Amino acid sequence: MFMIDGCLHRYCFSCMKQHVEVKLLNGKISHCPHENCNSEVPLESCKSLLEPKFVDIVIQRLKEAALPPTEKVYGPYPRCSALMSKKEVMDSSANYLNDPKLVGMSKCTKCRKRFCRKCMVPWHRNMRCKDYQLSTAYIYRCGYEFCYKCGAEWKNKKAMCSCPLWSERNKALIRFSSVILRQQLALVFKPH
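- Taking an unreviewed UniProt entry as the reference, the chain is identified by name as RBR-type E3 ubiquitin transferase belonging to Kalanchoe fedtschenkoi.
- Check the Cofactor (unreviewed entry) section of the UniProt entry for the chain; it says "Zn(2+)".
- For the chain, the Catalytic activity (unreviewed entry) comment in UniProt is given as "[E2 ubiquitin-conjugating enzyme]-S-ubiquitinyl-L-cysteine + [acceptor protein]-L-lysine = [E2 ubiquitin-conjugating enzyme]-L-cysteine + [acceptor protein]-N(6)-ubiquitinyl-L-lysine."

Right, here's the structure in full:
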């Protein structure tokens, strides 16, 4: 039997599990199902009733609901996309503030991968955010390509927007930046 801490009412585990799951799935806090009883059933007390993955999802939803929209930061990695607060991001950056090469770098609190906290993309070492954005058009796995700046769709590998980013002058800078980036990568990954 499952006993509710605040009121000491008792219910069988399967009934209580179902009651708690339904309430949580509907975004509500679970209370004692006894008529006229308003005792809250804390998530902590019913963890043993629920699947661990379900508990993780609920904890994530509660965290998301508790954070004001202006404080929410999502990791840039599609397989992780962890929700973090701006404070968590700044705390993860504290170790790197003294190294000029790593200014702006943070680590995801979940997957621990590095990302740029200024432009919220995977870490672009030795490249300013603006240079990174100039050299990048985003491509989704499905093949959809779009402009990093305005979000307009690309067609046949060409920008369909009128962002100054894609002017002929900037295209030349992008090609130049790409050459330099390839050279830097060749130095980093040079076989010994």
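Observations concerning the overall build of the chain
Then step 1. Scanning the chain from N- to C-terminus turns up 5 helices and 11 strands.
Then step 2. Counting every position in the chain, which comprises 192 residues, the buried fraction comes to 31%.
Then step 3. Long-range pairs, those at least 24 residues apart, make up 30% of the contacts in the chain between residues at least 6 apart in sequence.
Then step 4. About 13500 Å² of surface is accessible on the chain, with carbon and sulfur atoms providing 55% of the total.

Thoughts on the packing of helix α1 (residues 13-25) against helix α2 (residues 52-66)
The geometry of a pair of packed helices is captured by two quantities: the angle between their axes and the separation between those axes.
Then step 1. Put simply, α1 and α2 touch, their axes get as near as 11 Å, and they point 35° apart. The two elements α1 and α2 meet at a crossing, and its hand is left-handed. Two secondary-structure elements touch here, α1 through Glu 21, Leu 24 and Leu 25 and α2 through Phe 54, Val 58 and Arg 61.
Then step 2. Residue composition of the contact of α1 with α2, grouped by class: 4 nonpolar, no polar and 2 charged.

A look at the side chain of His 19
Then step 1. Here His 19 is to be found in helix α1.
Then step 2. Residue classification places His 19 among the buried residues on the basis of a relative accessible area of 18%.
Then step 3. Each residue touching His 19, except ones within four places of it in the same chain, is listed here: Ser 30, His 31 and Pro 33.

Remarks on the side chain of Ser 30
Then step 1. Within the secondary structure, Ser 30 is located in the loop between α1 and α2.
Then step 2. Take Ser 30: its relative accessible area is 2%, and that puts it in the buried class.

What about the nonpolar core?
Then step 1. Phe 2, Met 16, Val 20, Leu 24, Val 41, Cys 46 and Leu 50 are the most contacted members of the largest nonpolar core, which totals 15 residues.
Then step 2. Elements supplying a minimum of two residues to this core: α1 and α2.
Then step 3. Those residues in contact with Val 20 that sit more than four places away from it in its chain are Ser 30, Val 41, Cys 46 and Leu 50.
Then step 4. Counting residues in each nonpolar core, the second largest holds 9 residues, with Leu 102, Met 127, Cys 129 and Tyr 132 among its members.

Quick look at the packing of aromatic side chains
Then step 1. This model, assessed by the stated rule, comprises 1 aromatic pair.
Then step 2. Geometry around Tyr 77 places Lys 113 over its ring, the cationic atom sitting 5.0 Å from the centre.

Concerning the confidence of the model for the chain
Close reading of the predicted structure is inappropriate where its pLDDT is low.
Then step 1. In the predicted model, the chain carries a mean pLDDT of 77, and 73% of its residues have values of at least 70.
Then step 2. Within the chain, the element-level pLDDT minimum falls on strand β8 (residues 137-139), averaging 54, and the maximum on strand β2 (residues 10-11), averaging 92.

Details of the state of the cysteines
Then step 1. Across all of its chains, the model carries 0 disulfides by this definition.
Then step 2. Here Cys 7 stays unpaired: no disulfide links it, and the sulfur of Cys 37, its closest cysteine neighbor, is 3.6 Å away.
Then step 3. Cysteine Cys 15 is unpaired, with the sulfur of Cys 12 as its nearest cysteine sulfur at 3.1 Å.

Parameters at a glance
Residues numbered from 1 in each chain as written. Predicted model: local features only at pLDDT ≥ 70, side-chain atom pairs only at ≥ 80, totals over all residues. Heavy atoms only, no water. UniProt positions renumbered as here; feature names shortened; annotations may be inferred. Helix = DSSP H or I, 4+ residues; strand = E, 2+ residues; numbered from the N terminus. Buried < 20%, exposed > 50% of the residue type's maximum accessible area, 1.4 Å probe, protein only. Contact = heavy atoms within 4.5 Å. Areas by Shrake-Rupley, 256 points an atom, 1.4 Å probe, with all protein chains shown as cover. Axes fitted to C-alpha atoms, helices over the stretch in contact; angles between N-to-C directions. Left-handed = near helix turned anticlockwise from the far one by under 90°. Nonpolar A, V, L, I, M, F, W, Y, C, P; charged D, E, K, R; others polar. Core = buried A, V, L, I, M, F, W, Y, C linked by side-chain atoms within 4.5 Å. Phe/Tyr/Trp six-rings, centres within 6.5 Å; stacked < 30°, edge-to-face > 60°. Lys NZ or Arg CZ within 6 Å of the ring centre and 35° of its normal. pLDDT = per-residue confidence, 0-100. Disulfide = S-S within 2.5 Å.

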